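# Inside the fold
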Amino acid sequence: MRRKITLKDIARELEVSISTVSKALKNSEEIGRDTKEKVQAFAKLYNYKPNNIAVSLKNKHTKNIGVIIPDIVHHFFTTVFRGIEKYANSRGYNVIVCVSDDSFDKEVINMEMLANGSIDGFILSLAAETLDKGDFNHLKQITEQGIPLVCFDRTTPEVNCDKVIINDTKIAYDVVKKLIGNGRSHIALVTNKGYGDVSDKRAEGYRQALNDAGLDYNENLVLELTYNDIDEDAIKKFFENQKVDAVLCVNEMFAIHSMGIVQKMGCSIPDDISFVGFSDGILSKYSRPTLTTVAQHGDQMGQLSAQMLIERVEAENEEEEENETYRTEIIEATLIERESTIN
């Protein structure tokens with residue numbers, strides 16, 4: 001089956017801008033007759049069909065933003081959404097939110113449901129299943145039609161769009177380096193199964209800090225869990241079989257569950273084992289002991305994501321927008337020390 005061509009394909013083949021192709025297909029008087037005939041003939045030859053969803057989005061200014069997040073219960077995503085809504089509302093935009101539940105199919109369905117001409121663009125954090133599958137065609141179809149998209153936290157280099165992330169590798173490195181400085185030498189990593197980009201970067205920082213301190217990376221000190229189905233038996237077995245004096249967890253749920261289990265095993269926190277998590281949600285503040293965490297500044301990430309999207313939506317010069325490079329903004333995470341690492 002012949003691959004469906006896009007405006008970008010036609011523009012590249014004919015060596016004109018996407019804007020010129022779009023206007024030529026609409027018989028715009030701004031485009032010369034020869035160019036119009038050439039573009040229209042090429043489109044007919046290759047059976048070009050416009051993406052009607054994308055066209056309606058591009059041509060209709062709704063003052064609505066579509067947001068797709070993996071999990072509404074997770075503290076981090078909740079704070080990001082609040083930041084998006086706060087900034088968007090201040091600019092006169094409404095926000096429509098959908099939850100993918102980390103499902104590829106739900107992410108695609110949510111995007112199709114929102115992309116019916118009722119929104120101006122998307123803000124998205126990729127579902128875990130999307131990262132696992134490596135299938136980003138639903139996003140590429142939107143961006144190829146010039147529809148604004150901003151990805152935050154969970155992103156991919158496969159999709160050309162604006163992105164907002166934290167310094168995952170560096171902050172993980174700094175946390176492990178601090179634990180080593182506190183005299184810890186058997187440091188475990190409790191991470192997600194299949195969360196790609198974010199977990200990989202935090203694992204990279206963990207490995208780099210160990211290597212720089214002259215400590216060997218030990219696969220037996222890495223425990224992979226599933227966020228929506230935390231296996232407490234696996235956690236108990238892990239700590240029974242490994243000598244561990246500190247733990248870096250990629251989210252606060254893993255940290256809270258792990259702390260509860262090791263305390264039942266008779267371990268003292270932080271005397272025997274120190275714990276650090278990510279997110280800095282309510283659980284971190286009220287756990288016993290309170291949890292040292294990495295604050296990801298979700299509110300700031302949400303506001304910046306909304307600002308970047310609205311800038312794209314309101315860009316007036318199509319030619320300038322086409323040639324503009326996409327931005328990746330990095331927010332500096334902050335370590336908040338509590339009782340799980342200090343007495």
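The paragraphs below set out a description of the structure included in this document. (Residues numbered from 1 in each chain as written. Predicted model: local features only at pLDDT ≥ 70, side-chain atom pairs only at ≥ 80, totals over all residues. Heavy atoms only, no water.)

### Section: helix α10 (residues 197-212)
Every α-helix carries 3.6 residues per turn, so stepping three or four residues along brings you back to the same face. Quick note on the threshold: Only DSSP runs of H or I reaching four residues or more are called helices, and only runs of E reaching two or more are called strands; each is numbered from the N terminus. Take the number of residues in a helix, subtract one, and multiply by 1.5 Å to get its expected span. Burial here depends on accessible area, computed with a 1.4 Å probe over protein chains only, as a share of the maximum for the residue type. Under 20% is buried, over 50% is exposed, and the range in between is partly exposed. The contact criterion used is simple: two residues touch if any of their non-hydrogen atoms lie within 4.5 Å.
The end-to-end C-alpha separation of α10 is 22 Å, in line with the 22 Å expected for 16 residues at 1.5 Å each. Buried within α10 we find Asp 197, Val 198, Ser 199, Arg 202, Ala 203, Gly 205, Tyr 206, Ala 209 and Leu 210. Contacts from the buried residues of α10 go to β5 (162-166), α9 (168-181), β6 (187-192), β7 (222-225) and β9 (274-278). Just past α10, the residue Gly 214 takes up positive phi, approximately 80°.

### Here's the deal with the pairing of β5
As a reminder of what qualifies: A pair of strands is labelled paired if DSSP reports no fewer than 2 bridges between them.
Of all five residues that make up β5, five are buried, and the element is covered over most of its length. A two-sided burial pattern is seen for β5, the buried positions comprising Asp 162, Val 164 and Ile 166 on one face and Lys 163 and Ile 165 on the other. Of the pairings in the sheet, the one linking strand β4 (residues 149-152) to β5 comprises three bridges and is parallel in character. Paired with Cys 151 across the bridge in β5 is Lys 163. Of the pairings in the sheet, the one linking β5 to strand β11 (residues 328-331) comprises four bridges and is parallel in character. Within the sheet, the bridge partner assigned to Ile 166 lies in β11 and is Ile 331.

### A closer look at unusual backbone geometry
Where the residue is not glycine, phi is negative for most of them; where a peptide bond is considered, it is trans in most cases. A cis amide bond links Ile 269 to the next residue, Pro 270, at an omega of 10°. Inspection of the secondary structure assignment puts Pro 270 in the loop between α12 (252-264) and β9. In this model, Arg 288 is joined to Pro 289 through a cis peptide bond whose omega is -5°. With respect to the helices and strands, Pro 289 occurs in the loop between α13 (282-286) and β10 (292-295). For Asn 47, which is not glycine, the phi torsion reads 55° and is therefore positive. With respect to the secondary-structure elements, Asn 47 resides in the loop between α3 (33-45) and α4 (52-59). Of note, the phi angle at Ser 279 is positive, near 115°, even though the residue is not glycine.

### Some details on the nonpolar core
Rules: Think of a nonpolar core as a cluster: buried Ala, Val, Leu, Ile, Met, Phe, Trp, Tyr and Cys residues, connected wherever their side-chain atoms sit within 4.5 Å. How far each domain reaches was decided by an automatic or database domain assignment.
Residues Ile 123, Phe 152, Phe 239, Val 247 and Phe 275 are the most contacted members of the largest nonpolar core, which totals 66 residues. The two domains that each donate at least three residues to this core are domain 2 (60-165 + 299-331) and domain 3 (168-296). Leave out the neighbours within four places in its chain, and Val 247 touches Ala 188, Val 190, Phe 239, Ile 273, Ser 274, Phe 275 and Val 276. Grouped together as the second largest cluster of nonpolar side chains are 18 residues, Ile 119, Leu 131, Leu 149 and Val 159 included.

Shape descriptors only; they carry no functional weight alone.
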